[in-house]
Amino acid sequence: MQDFDAVEFADRLAAMTDEEMFGLMEELEEASETIRPEDRDDSDVFAQIALVETAIEDRFPGQLMAPYKDWQQRRVGG
């Protein structure tokens, strides 16, 4: 019953701008907060978060999630 295609999702991420990817990460993080712990194994959200994290780290080598955190701060503070 798994309809999540990790390869297709990764391809979509590669085509996204940084802004689009950061926005998606924010949406996924918000969605993850609404998932009950007992339902997490059946959710694709956490797999998607892991793929976005990897894509961000690939785009910004050695910076881990700093570019995303900076983007968040600019949006909140600016």
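Our subject in this report is the structure included herewith.

What about the packing of aromatic side chains?
Reasoning step 1: Counting across every chain of the model gives 5 aromatic pairs.
Reasoning step 2: Look at Phe 22 and Trp 71: their rings are 5.7 Å apart centre to centre, the planes differ by 45 degrees, and that puts the pair in the tilted class. Of this pair, Phe 22 sits in helix H2 (residues 18-33) while Trp 71 sits in helix H4 (residues 66-77); the two residues are 49 residues apart in sequence, bridging distant segments of the chain. The pair Phe 22 / Trp 71 is uniform in exposure class, with both members buried.

A short note on the packing of H2 against helix H3 (residues 45-59)
Reasoning step 1: Relative to each other, H2 and H3 sit at 150 degrees, their axes nearing to 10 Å. It follows from the interaxial angle that H2 and H3 lie roughly antiparallel. The handedness of the crossing between H2 and H3 is left-handed. Taken together, the residues of H3 that come into contact with H2 (itself represented by Asp 18, Met 21, Phe 22, Leu 24, Met 25, Leu 28, Glu 29, Ala 31 and Ser 32) are Val 45, Phe 46, Gln 48, Ile 49, Val 52, Glu 53, Ala 55, Ile 56 and Arg 59.
Reasoning step 2: Of the residues belonging to the contact of H2 with H3, the class tally is 12 nonpolar, 2 polar and 4 charged.

With respect to the pattern of salt bridges
Reasoning step 1: This structure, assessed with the given rule, holds 5 salt bridges.
Reasoning step 2: A salt bridge links Arg 36 to Glu 38; the shortest N-O distance between them is 3.1 Å.
Reasoning step 3: Linking Arg 36 and Asp 39 is a salt bridge whose minimum nitrogen-to-oxygen distance equals 3.1 Å.
Reasoning step 4: By relative accessible area, Arg 36 is classed as partly exposed at 48%.
Reasoning step 5: Looking at Asp 39, the relative accessible area reads 30%, which means it is partly exposed.

Conventions and cut-offs
Position labels on residues start from 1 in each chain and follow its written sequence. Predicted model: local features are reported for residues with pLDDT of at least 70 only, side-chain atom pairs are reported and counted for 80 or more only, and whole-chain, interface and lining totals are derived from all residues. Here the side-chain values reflect all heavy atoms present in the structure, with hydrogen atoms and water set aside. Stacked, edge-to-face and tilted labels apply to pairs of Phe, Tyr and Trp rings (six-membered ring for Trp) whose centres lie within 6.5 Å, assigned for plane angles under 30 degrees, over 60, and everything in between, in that order. Put simply, DSSP H or I for four residues or longer makes a helix, DSSP E for two residues or longer makes a strand, and each gets a number counted from the N terminus. Type-normalised accessible area, obtained with a 1.4 Å probe on protein chains alone, sets the label of each residue: buried when under 20%, exposed when over 50%, and partly exposed for intermediate values. An axis is simply a line fitted to the C-alpha atoms; with a helix, the fit covers only the stretch in contact. Between two such axes, the angle follows the N-to-C directions and lies from 0 to 180 degrees. Angles below 35 degrees are treated as roughly parallel, those above 145 as roughly antiparallel, those between 65 and 115 as roughly perpendicular, and all remaining angles as oblique. Put simply, a crossing is left-handed when the front helix is turned counterclockwise from the back one by less than a right angle, and right-handed when it is turned clockwise. Throughout, a contact is declared for two residues whenever any of their heavy atoms are within 4.5 Å. In this count, Pro and Cys sit with the nonpolar residues alongside Ala, Val, Leu, Ile, Met, Phe, Trp and Tyr, while Asp, Glu, Lys and Arg are called charged and the others, Gly among them, polar. Salt bridges are defined as contacts in which a side-chain nitrogen from Lys or Arg sits within 4 Å of a carboxyl oxygen from Asp or Glu.

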